[in-house]
Amino acid sequence: KQEVTQIPAALSVPEGENLVLNCSFTDSAIYNLQWFRQDPGKGLTSLLLIQSSQREQTSGRLNASLDKSSGRSTLYIAASQPGDSATYLCAVIGNTGFQKLVFGTGTRLLVSP
Amino acid sequence: GAVVSQHPSRVICKSGTSVKIECRSLDFQATTMFWYRQFPKKSLMLMATSNEGSKATYEQGVEKDKFLINHASLTLSTLTVTSAHPEDSSFYICSARERRESGYTFGSGTRLTVV
């Protein structure tokens with residue numbers, strides 16, 4: 001059974017810092033991996049999608065890497081801003097059946113002005 | 001990009017009544033949609049996989065008679081919480097994807113409060 005863990009569980013940084021969020025998964029047989037952000041009481045916004053054959057994806061100040069063989073992904077946020085404050089979730093998409101998302105435990109990020 | 005619309009965003013109902021939540025794919029067809037439940041400060045828990053034209057597949061521990069799922073068309077899935085009780089109060093959210101290679105898109109969620 002796939003298990004996804006995110007470290008740290010919570011992170012508080014001053015504005016302008018670069019930061020790294022970590023995601024690990026136990027079964028490397030994934031179809032792809034997706035990073036989301038969730039604001040309090042809201043739905044999920046997709047940030048980046050990495051196909052299993054890819055090593056990284058970039059969008060603006062965000063960069064996500066994937067090392068499938070070691071079961072790890074990182075989300076790098078450059079020059080953090082208060083608007084980046086949210087919960088960040090990584091999710092792996094299975095290779096079989098309905099290809100369900102399995103979510104990590106999340107990282108709550110607070111960026112202070 | 002793919003858009004998933006979920007309605008209502010917030011509902012308060014009395015204990016014992018039923019509540020229906022709709023999930024629509026606005027600009028694509030989805031043979032499969034997923035329903036999740038989220039408790040405060042927790043991650044999402046998959047409840048069931050909704051399949052167009054056939055019965056939903058429920059995760060272990062989810063009562064299929066309590067949470068009725070209907071996927072009658074390629075753009076609409078509904079979740080009905082039957083005989084709701086206060087412990088059913090939660091945040092419910094659906095998702096779908098446009099193509100196999102696409103990422104998943106989520107609805108905006110429904111906050112259900114049973115009083």
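Nothing here was measured: the structure is a model prediction, and the numbers come from that model. (Residues numbered from 1 in each chain as written. Chains lettered and ligands numbered in written order. Predicted model: local features only at pLDDT ≥ 70, side-chain atom pairs only at ≥ 80, totals over all residues. Heavy atoms only, no water.)

A. Representation of the side chain of B:Ser90 in the model. Residues and elements named next belong to chain B. Topologically, serine 90 is positioned in strand β9 (residues 90-96). For serine 90, a relative accessible area of 4% gives the class buried. The residues touching serine 90, leaving out its near neighbours within four places in the chain, are Arg37, Gln38, Phe39, Thr110, Arg111 and Leu112. (Helix = DSSP H or I, 4+ residues; strand = E, 2+ residues; numbered from the N terminus. Buried < 20%, exposed > 50% of the residue type's maximum accessible area, 1.4 Å probe, protein only. Contact = heavy atoms within 4.5 Å.)

B. Spatial organisation of the sheet that holds strand β3 (residues 19-25) of chain A. All names here are of chain A. Spatially, the five strands line up as an open sheet ordered β1-β3-β8-β7-β6, and their pairing is antiparallel. Of all strands in the sheet, those with a lone pairing partner are β1 (4-7) and β6 (56-59), marking the two edges. The mean angle between the axes of side-by-side strands here comes to 15°, regardless of whether they run parallel or antiparallel. (Pairing = 2+ DSSP bridges. Axes fitted to C-alpha atoms, helices over the stretch in contact; angles between N-to-C directions.)

C. Just the state of the cysteines, in detail. Scanning the model with the defined rule gives two disulfides over all chains in all. Each sulfur of the disulfide joining A:Cys23 and A:Cys90 lies 1.9 Å from the other. Measuring the twist about the S-S bond at about 60°, one finds the A:Cys23-A:Cys90 disulfide to be right-handed. Pair noted here: A:Cys23 is in strand β3 and A:Cys90 is in strand β9 (residues 86-94), with a separation of 67 residues, a long-range link. Residue classification places A:Cys23 among the buried positions, given a relative accessible area of 2%. We classify A:Cys90 as buried; its relative accessible area is 0%. Across the disulfide from B:Cys23 sits B:Cys94; the S-S distance is 2.0 Å. Taking the sign of the S-S torsion, about 85° here, the bridge from B:Cys23 to B:Cys94 comes out right-handed. With a gap of 71 residues between them, B:Cys23 in strand β3 (residues 19-25) and B:Cys94 in strand β9 connect regions that are remote in the sequence. Judged by its relative accessible area of 0%, B:Cys23 is buried. No disulfide involves B:Cys13; its nearest neighbouring cysteine sulfur is the one of B:Cys94, lying 18 Å away. The exposure class of B:Cys13 is buried, given its relative accessible area of 9%. (Disulfide = S-S within 2.5 Å.)

D. Inspection of the packing of aromatic side chains at higher detail. All told, the structure shown has seven aromatic pairs over all chains when counted by the stated rule. With a centroid separation of 5.8 Å and 45° between ring planes, the pair formed by A:Phe36 and A:Phe103 is classed as tilted. Linking A:Phe36 in strand β4 (residues 30-38) with A:Phe103 in strand β10 (residues 101-103), this pair joins segments that are 67 residues apart in sequence. You'll find A:Phe36 and A:Phe103 in the same group, each marked buried. An angle of 45° between the planes, with centres 5.6 Å apart, marks the rings of B:Tyr36 and B:Phe106 as tilted. (Phe/Tyr/Trp six-rings, centres within 6.5 Å; stacked < 30°, edge-to-face > 60°.)

E. Summary view of the sheet that holds strand β7 (residues 67-73) of chain B. Residues and elements named next belong to chain B. Reading across the sheet, the four strands line up as β1-β3-β8-β7 and stay open at both edges, with antiparallel pairing between neighbours. Two strands in the sheet have a free side with no partner beyond their single neighbour: β1 (4-7) and β7. Direction aside, the axes of adjacent strands within the sheet are offset by 15° on average. The pairing of β1 with β3 spans four bridges and is antiparallel.

F. Inspection of the interface of chain B and chain A at higher detail. Contacts between chain B and chain A engage 23 residues on the former and 22 residues on the latter. Broken down residue by residue, the surface that chain B buries against chain A is led by B:Arg100, B:Tyr104 and B:Phe106, which jointly contribute 28%. Of the charged contacts in the structure, one is a salt bridge between A:Lys100 and B:Glu59, with a shortest N-O distance of 2.8 Å. In this structure, the connection of chain B to chain A is made through ten residue pairs in polar contact (both at pLDDT 80 or more). Among the elements of the structure, β4 (32-38), β5 (44-51) and β9 of chain B are those that each provide at least two residues to the side of chain B that touches chain A. (Buried area = accessible area lost by both parts, 1.4 Å probe. Salt bridge = Lys/Arg side-chain N within 4 Å of Asp/Glu carboxyl O. Polar contact = N/O pair within 3.5 Å; in protein donor to acceptor, adjacent residues only side chain to side chain.)

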